[in-house]
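Examining the three-dimensional arrangement
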Amino acid sequence: MAVDTAPAVTAPAPSHQSSNPTPRWRSREALTAWLFILPSLIGFLIFTAGPVVAAGVISLLNWNLFSSPTWAGLHNFARLGPDPTFWSALGNTAYFTLVSVPLTIAVSLALALLLNHGVRRIAIFRSLLLLPYATITVAVAFVWIWLYIPHDGLVNAVLGWFGINGPTWLISDNWAMPALIQMSVWKSFGFGMVVFLAGLQAIPQQLYEAGRVDGTSPWNSFRHITLPMLSPALFFVIVTSVIGSFQVFDQALIMTNGGPGTRTTTLVMYIYRTGFENYDQGYAAAQSLVLFAFIVVITAGQFLFQRRLVHYDN
């Protein structure tokens, strides 16, 4: 019996033409994402990036809003050096930041810890404590002006109950800035409190239970569990608070108008007066760029420093 030993012919595999994948920017998901991003992007370009570029151009000009601008080069930046009011305003802003930011964070964290430890009807207390932050600064400033009235104000009346003769807050060289700081802390602590409370409620309770089993004291639990786990929220509040404090303006303008003298004149207030009271737009733009540079440098330093202290739970 003959056996066919011819090799079997294998049918060629069907060729599949490789097709290029659809570019991501054409996909429906990318289009949807851009549609959601577009309003914020347009707002950023118009109200943030655009003014920064415009300030950079105006800082190189002499312009009083009523006549044609003329080229000034770097002259407006050179004027900053011998200007004592600019350096006084910068020092006042730094003083306000160095005192108000730690106080605001301390008050916010303390209230968040209190609300996180089984306070009944926490939503009601959270809403009430958030009201100062939700109230416009102008209204709050007028209320605190009344509280600071030297003879009939509530603050000095309470101090009088303890035999303390209260100062003339808003017209005192020594107490005007502390008065603004106290008002700003009361106005701002609600935001940090809500952020800290959200961070506290996200910490796994198993960590605290393990600590109690090991006999860890409440202070060590706070130091070794709460603070490390809360560090991302803490870092966020610090960065936003520092940026906001460098831009303080409303309360100083309304409550003291920068006085007495220049004791409460902040950098943003000085920029406002230079540009819209003295109509020196070029010099005001140069000051605003210096403020912008300060904020960028400080924020960048905070981001570099946070690598050592901020704990991210992966």
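An unreviewed UniProt entry lists the chain under the name Carbohydrate ABC transporter membrane protein 1 (CUT1 family), from Kribbella kalugense. You can read under Sequence similarities (unreviewed entry) in the UniProt record for the chain the words "Belongs to the binding-protein-dependent transport system permease family."

The next point concerns the nonpolar core. Counting 52 residues, the largest nonpolar core has Phe-86, Trp-144, Tyr-148, Phe-196, Met-255, Leu-267 and Leu-291 as its most contacted members. With 11 residues, helix α7 (residues 176-201) is the single largest residue contributor to this core. Apart from residues no more than four positions distant in its own chain, Phe-86 is found in contact with Leu-80, Leu-267, Tyr-270, Tyr-283, Gln-287 and Val-290.

Take a nonpolar patch on the surface next. On the surface, a cluster of nonpolar side chains totalling about 1100 Å² of accessible area is made up of Trp-34, Phe-36, Ile-37, Leu-38, Leu-41, Ile-42, Phe-44, Leu-45, Ile-46 and Phe-47. Structurally, Trp-34 is set in helix α1 (residues 28-58). Note on Trp-34: relative accessible area 49%, which makes it partly exposed.

Looking now at the pattern of salt bridges. All chains considered together, the criterion is met by 1 salt bridge. The partner of Arg-79 in a salt bridge is Asp-280, with the nearest N and O atoms 2.8 Å apart. Highlighted residues: Arg-79 in the loop between α2 (75-78) and α3 (84-116) and Asp-280 in the loop between α11 (267-276) and α12 (281-309), separated in sequence by 201 residues. Overall, Arg-79 belongs to the partly exposed group, its relative accessible area being 27%.

Within this structure's numbering, the places UniProt gives as "transmembrane region" (unreviewed entry) are residues 33-61, 94-116, 128-149, 185-204, 225-249 and 283-305. For residues 94-116, helix accounts for 100% and strand for 0%, while the C-alpha atoms at its two ends are 33 Å apart.

Secondary-structure assignment places Thr-266 in the loop between α10 (250-255) and α11. When sequence neighbours within four positions are dropped, the list of residues in contact with Thr-266 reads Ala-89, Thr-93, Val-248, Phe-249 and Ala-252.

In contact at an axis separation of 11 Å, helix α5 (residues 137-147) and α7 are set at 135° when each is read in the N-to-C sense. Between α5 and α7, the crossing angle belongs to the class labelled oblique. Crossing handedness for the pair α5 and α7: right-handed. Taking contact as the criterion, the partners of Thr-137, Val-140, Ala-141 and Trp-144 in α5 are, on α7, Gln-182, Met-183, Trp-186 and Lys-187. Per-class residue counts for the contact of α5 with α7 are 5 nonpolar, 2 polar and 1 charged.

What counts and what doesn't
Each chain has its residues counted from 1, following the order in which its sequence is written. Per-residue local features are limited, in this predicted model, to residues with pLDDT of at least 70; the limit for side-chain atom pairs, both in listing and counting, is 80 or more; totals at the level of whole chains, interfaces and linings are taken over all residues. The side-chain values count all of the structure's non-hydrogen atoms but skip hydrogen atoms and water molecules. UniProt positions are given in the numbering used here, feature names are shortened, and annotations may be inferred rather than shown by experiment. Put simply, a nonpolar core is a bunch of buried Ala, Val, Leu, Ile, Met, Phe, Trp, Tyr and Cys residues held in one set by side-chain atoms that sit within 4.5 Å of each other. For the exposure calls, accessible area comes from a 1.4 Å probe over protein chains only, and a residue counts as buried if that area is under 20% of its type's maximum, exposed if over 50%, partly exposed in between. The numbering of helices and of strands both runs from the N terminus, where a helix is a DSSP run of H or I of at least 4 residues and a strand a run of E of at least 2. Pairs of residues are marked as contacts when any of their non-hydrogen atoms sit within 4.5 Å. Note on patches: the residues involved have over 30% relative accessible area and no salt bridge, like charges join within 9 Å, and the nonpolar side chains Val, Leu, Ile, Met, Phe, Trp and Tyr join within 5 Å. What sets the accessible areas is the Shrake-Rupley method with a 1.4 Å probe; for residues, cover comes only from the shown protein chains. In what follows, salt bridge is the name for a side-chain nitrogen of Lys or Arg lying within 4 Å of a carboxyl oxygen of Asp or Glu. Note on geometry: axes are lines fitted to C-alpha atoms, helical ones only across the stretch in contact, with angles between N-to-C directions running from 0 to 180 degrees. Between 65 and 115 degrees an angle is taken as roughly perpendicular, under 35 as roughly parallel, over 145 as roughly antiparallel, and anywhere else as oblique. Each crossing gets its hand from how the near helix is turned against the far one by less than a right angle, where anticlockwise is left-handed and clockwise is right-handed. Under the scheme applied here, ten amino acids are nonpolar (Ala, Val, Leu, Ile, Met, Phe, Trp, Tyr, Cys and Pro), four are charged (Asp, Glu, Lys and Arg), and all others, including Gly, are polar.

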